[in-house]
Amino acid sequence: MAHYWNKEIETLSREELRKLQGERLKATVRRVYENVPYYSQRMKEKGITPDDINTVDDLCKLPFTYKTDLRDNYPFGTFAVPMEQVVRVHASSGTTGKQTVVGYTKNDLETWADCVARCLASAGVTANDVVHIAYGYGLFTGGLGLHYGAERVGATVIPVSGGNTARQIMLLKDFGATVLCCTPSYALYIADELKSAGLTKDDLKLRVGIFGAEPWTEEMKAQIEERLGLKAYDIYGLSEIIGPGVSMNCSCQKDLHVLADHFIPEIIDPDTGEVLPEGQEGELVFTCITKEALPLIRYRTRDISVLNYEKCECGRTMPRMKKVRGRSDDMIIIRGVNVFPSQIESVLLKHSQVEPHYMIIVDRVNNLDVLEVQIEMNDSIFSDKVSSIESVERRLRQDIESTLGISAKIRLVENRSLQRSEGKAKRVIDKRNIY
Ligand code: DLL
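Source: prediction; values computed, not measured.

Now for the layout of surface pockets. Each pocket or cavity is described by its volume, and for the second largest pocket that value is around 410 Å³. Lining of the second largest pocket is provided by 22 residues; of these, Arg 18, Val 56, Pro 265, Glu 266 and Tyr 309 occupy positions nearest its centre. The residue makeup of the lining of the second largest pocket, split by class, is 14 nonpolar, three polar and five charged.

Okay, here's the thing in structure tokens:
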């Protein structure tokens, strides 16, 4: 059964949705033109005024916004309202340079809570649930984003934040959480620690997982579902657009429904900027059409996905995006071959003798790129007479080579020897950058 939050909106016909998007886009463009010098200048450079933007078809006339534009206007230069109307600030998890700062008005916080509530409802979360939130609280949007959405649904919210995994497990058990919200890599960490605490999934009441903030594969999803005894849902979002709540799996769990009445999605060729037709893979671009403080226009996410406008079996008509394959800036080019860490993850996790904990190390030796994958083995390797460490390494190597077309050195390492993550996992060490 479909769990709608706002059935009327979630089942709009494509024409009705386009009409609504067009009206909201027109109003937003006028507002940013009048209130954000950065946007009026960019539009003047392109020779357009708000009068040129009337329907969704006019979207392609507008300039793109890049992460660097937010950094250049750090911290508050791209806000479209005076600071007295900004009631909350978050920042995106930048690993280099200045963080990207985002702001919310009172209405934006209402919109955000409503978006997240809609996502949670599509995973079947209700007022009867106990929602354990292990996303970090703070400048990161994960914790507070899920928090207010879950409260809006009426669920009982346990605001634990990340870290102290032993305590997380105690609380999960004692408070009887039915929904776990955290990154997929942290969900696996919790599953591991459950075992070490002498507990099993049957000691917990979890039934739903709301996982996101980093790329993860179908194979990883199957492992988490098995180990924690829940149904895992993918939630996507980014601070610049609103935080978590931009798109979400429904109970069909095929792709993610974009909340397109708030965020218009496009897929473009990342090199040329050209808009690609439905079904083609490219970079996701979003335009915010209901935000007040930071309504970004054609924001380049760097995330790689595909859009599909077919009505879903759940009854929702909102366009769907494929699970994000990775960020274009996460793509590693090894001897000329483009590889996403998620593709390596897919291959590795098909093998039962290894754990879903791995690290990808790229280096350059004698001018040649070399790829090493370290992956934890599990105890089955010792009980299985036909498998030795060497033979498992060999099979993994062959599998990577035949699936991805690149050779790799595989190093099986001891169980629990790789660094665990409590937030977004770091999967790649590219030593070539230091040359
Ligand atoms: O990660 C917001 C979020 C919090 C989403 C909690 C879901 C759950 P940022 O820190 O700004 O915001 O990072 C945004 O994370 O551009 C993607 O590259 C990646 N990302 C987010 N969700 C997913 C997902 C939050 N479900 C960046 N699958 C985005 C793959 C994701 N990548």
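We now examine the site of the ligand. Lining the immediate environment of the ligand, one finds 22 residues, of which Asp 234, Ile 235, Ser 239, Asp 303 and Lys 424 sit closest. Interatomic distance of 3.3 Å between a backbone N/O atom of Glu 214 and a nitrogen atom of the ligand. Asp 234 is positioned with one of its side-chain polar atoms (N or O) 2.7 Å from a nitrogen atom of the ligand. About the coverage of the ligand: the protein hides 96% of its 610 Å² of free accessible area. No other element matches the five residues that strand S7 (residues 231-238) contributes to the shell around the ligand. Of the residues that constitute the shell around the ligand, the class distribution is nine nonpolar, seven polar and six charged.

Moving on to the side chain of Asp 261. Structurally, Asp 261 can be placed in the loop between strand S9 (256-258) and strand S10 (263-268). Take Asp 261: its relative accessible area is 3%, and that puts it in the buried class. When residues no more than four places from it in sequence are discounted, the contact partners of Asp 261 are Ile 9, Leu 17, Leu 20, Arg 24, Arg 118, Ile 289, Thr 290 and Met 318.

Below, the discussion takes up the sheet that holds strand S14 (residues 320-321). In space, the nine strands of this open sheet follow the order S4-S3-S5-S6-S7-S8-S9-S14-S13, with mixed pairing throughout. The strands lining the two open edges of the sheet, one partner per strand, are strand S4 (156-159) and strand S13 (307-308). Strand direction decides the pairing type here: strand S5 (residues 179-182) and strand S6 (residues 208-212), joined by four bridges, are parallel. Residue Cys 182 lies in a different strand from S6, and its bridge partner there is Phe 211. Each of strand S3 (130-133), S4, S5, S6 and strand S8 (243-248) is contacted by helix H6 (residues 141-153), which is oriented at about 65° to S8, the strand it contacts most.

Most of S6 is tucked away: five of the five residues are buried. As for the winding sense of the linkage, the β-α-β connection from S5 through helix H8 (residues 184-196) to S6 is right-handed. Sheet analysis places S6 next to S7, joined by five bridges and oriented parallel. Across the sheet, the residue bridging to Phe 211 is Asp 234, located in S7.

Strand order across the open sheet formed by four strands is S10-S11-S12-S15, with antiparallel pairing between neighbours. Each end of this open sheet is capped by a strand with a single partner; those strands are S10 and strand S15 (326-327). Note: S10 against strand S11 (residues 282-288), six bridges, orientation antiparallel. Within S11, the position partnered with Ile 264 by the bridge is Thr 287.

A few words now on the packing of aromatic side chains. A full pass over the atoms with the stated rule returns eight aromatic pairs. Over the ring of Tyr 104 we find Lys 291, and its NZ or CZ is 6.0 Å from the ring centre.

What follows concerns the pattern of salt bridges. Enumeration according to the criterion identifies 36 salt bridges in this entry. Residue Glu 372 is joined to Arg 411 by a salt bridge in which the shortest nitrogen-to-oxygen separation is 3.2 Å. On the criterion of sequence distance, the pair formed by Glu 372 in strand S19 (residues 368-377) and Arg 411 in strand S20 (residues 409-413) is long-range, its members being 39 residues apart. Residue classification places Arg 411 among the partly exposed positions, given a relative accessible area of 37%. Where salt bridges share partners, they join Asp 192, Arg 227, Glu 355, Glu 376 and Arg 420 into one cluster.

We now examine the domain arrangement of the protein. Structurally, the protein comprises domain 1 (1-330) and domain 2 (332-430). One C-alpha centre belongs to domain 1, the other to domain 2; they are set 30 Å apart. Counting residues at the interface gives 26 residues for domain 1, matched by 21 residues for domain 2. Together, the buried faces of domain 1 and domain 2 total about 2000 Å²; carbon and sulfur atoms form 50% of this surface. For the pair domain 1 and domain 2, the interface holds four salt bridges. When the shortest N-O distance is used, the salt bridge between Arg 227 and Glu 355 registers 3.1 Å. Put simply, domain 1 and domain 2 have 13 residue pairs in polar contact (both at pLDDT 80 or more) between them. Elements represented by at least two residues in the side of domain 1 that touches domain 2 include exactly H8, helix H9 (218-228) and S15. With seven residues, H8 is the single largest residue contributor to the side of domain 1 that touches domain 2. Among the residues making up the side of domain 1 that touches domain 2, the classes are represented as eight nonpolar, ten polar and eight charged.

This next bit is on empty space enclosed by the protein. Inspection of the entire model under this criterion finds one cavity of 30 Å³ or more. Estimates place the volume of the largest cavity at around 70 Å³. Taken together, Glu 10, Arg 118, Cys 119, Ser 122, Met 248, Asn 249, His 257, Val 258, Leu 259, Arg 316 and Met 318 make up the lining of the largest cavity. Of all the secondary structure elements, the ones that give two or more residues to the lining of the largest cavity are helix H5 (106-122) and S9.

Here H8 is 13 residues long and its end C-alpha atoms lie 19 Å apart, about the 18 Å a rise of 1.5 Å per residue gives. For H8, the tally of buried residues reaches eleven of 13 residues, placing the bulk of the element in the interior. What H8 keeps buried is the set Pro 184, Ser 185, Tyr 186, Ala 187, Leu 188, Tyr 189, Ile 190, Ala 191, Asp 192, Glu 193 and Leu 194. Looking at the buried residues of H8, the elements they touch are helix H7 (165-174), S5, S6, H9 and strand S18 (354-365).

About the thresholds
Every chain's residues receive numbers from 1 upward, in the order its sequence appears when written. Totals for whole chains, interfaces and linings use every residue, but because this is a predicted model, local features are given only for residues with pLDDT of at least 70 and side-chain atom pairs only at 80 or more, for both listing and counting. Side-chain measures here rest on the full set of heavy atoms in the structure, leaving out hydrogens and waters. With a 1 Å grid laid over protein atoms only, a set of points is called a cavity when a 1.4 Å probe fits there but cannot get out and a pocket when it is open yet has protein on both sides within 12 Å along at least five of seven lines; lining residues have an atom within 4 Å of a point. Grid points are joined across faces, edges and corners, and a volume is the space filled by probe spheres set on the points. Just so you know the grouping, Ala, Val, Leu, Ile, Met, Phe, Trp, Tyr, Cys and Pro go in nonpolar, Asp, Glu, Lys and Arg go in charged, and all remaining residues, Gly too, go in polar. The rule for a residue being near a molecule or strand is that one of its heavy atoms must lie within 4 Å of it. In protein, a polar contact means a hydrogen-donor-capable atom and an acceptor-capable atom, both N or O and within 3.5 Å, with residues adjacent in sequence counting only if both atoms are side-chain atoms; elsewhere, any N or O pair within 3.5 Å suffices. Only the protein chains shown count as cover for residues, with accessible areas throughout obtained via the Shrake-Rupley method and a probe of 1.4 Å. Secondary structure elements follow DSSP: runs of H or I no shorter than four residues count as helices, runs of E no shorter than two count as strands, and numbering proceeds from the N terminus. Per-residue accessibility, obtained with a 1.4 Å probe over protein chains only, is compared with the maximum for each type, and a residue is labelled buried under 20%, exposed over 50%, and partly exposed between these values. The contact criterion used is simple: two residues touch if any of their non-hydrogen atoms lie within 4.5 Å. Following DSSP output, two strands are said to pair if at least two bridges run between them. Only the stretch in contact is used when fitting a helix axis, every axis being a line fitted to C-alpha atoms; angles between N-to-C directions are given from 0 to 180 degrees. Orienting the strands away from the viewer, one traces the path from the first strand over the helix to the second; a clockwise path indicates a right-handed crossover. When two rings of Phe, Tyr or Trp (its six-membered ring) have centres within 6.5 Å they constitute a pair, described as stacked for plane angles under 30 degrees, edge-to-face for angles over 60, and tilted for the intermediate range. Only when the NZ atom of a Lys or the CZ atom of an Arg is both within 6 Å of the ring centre and within 35 degrees of the ring normal do we say a charge sits over the ring. By definition here, a salt bridge exists when the distance from a side-chain nitrogen of Lys or Arg to a carboxyl oxygen of Asp or Glu is within 4 Å. Source of the domain bounds: an automatic or database domain assignment. By definition, the buried area sums, over both parts, the 1.4 Å-probe accessible area that each loses when the two are put together. Residue count minus one, scaled by 1.5 Å, sets the expected span of a helix.

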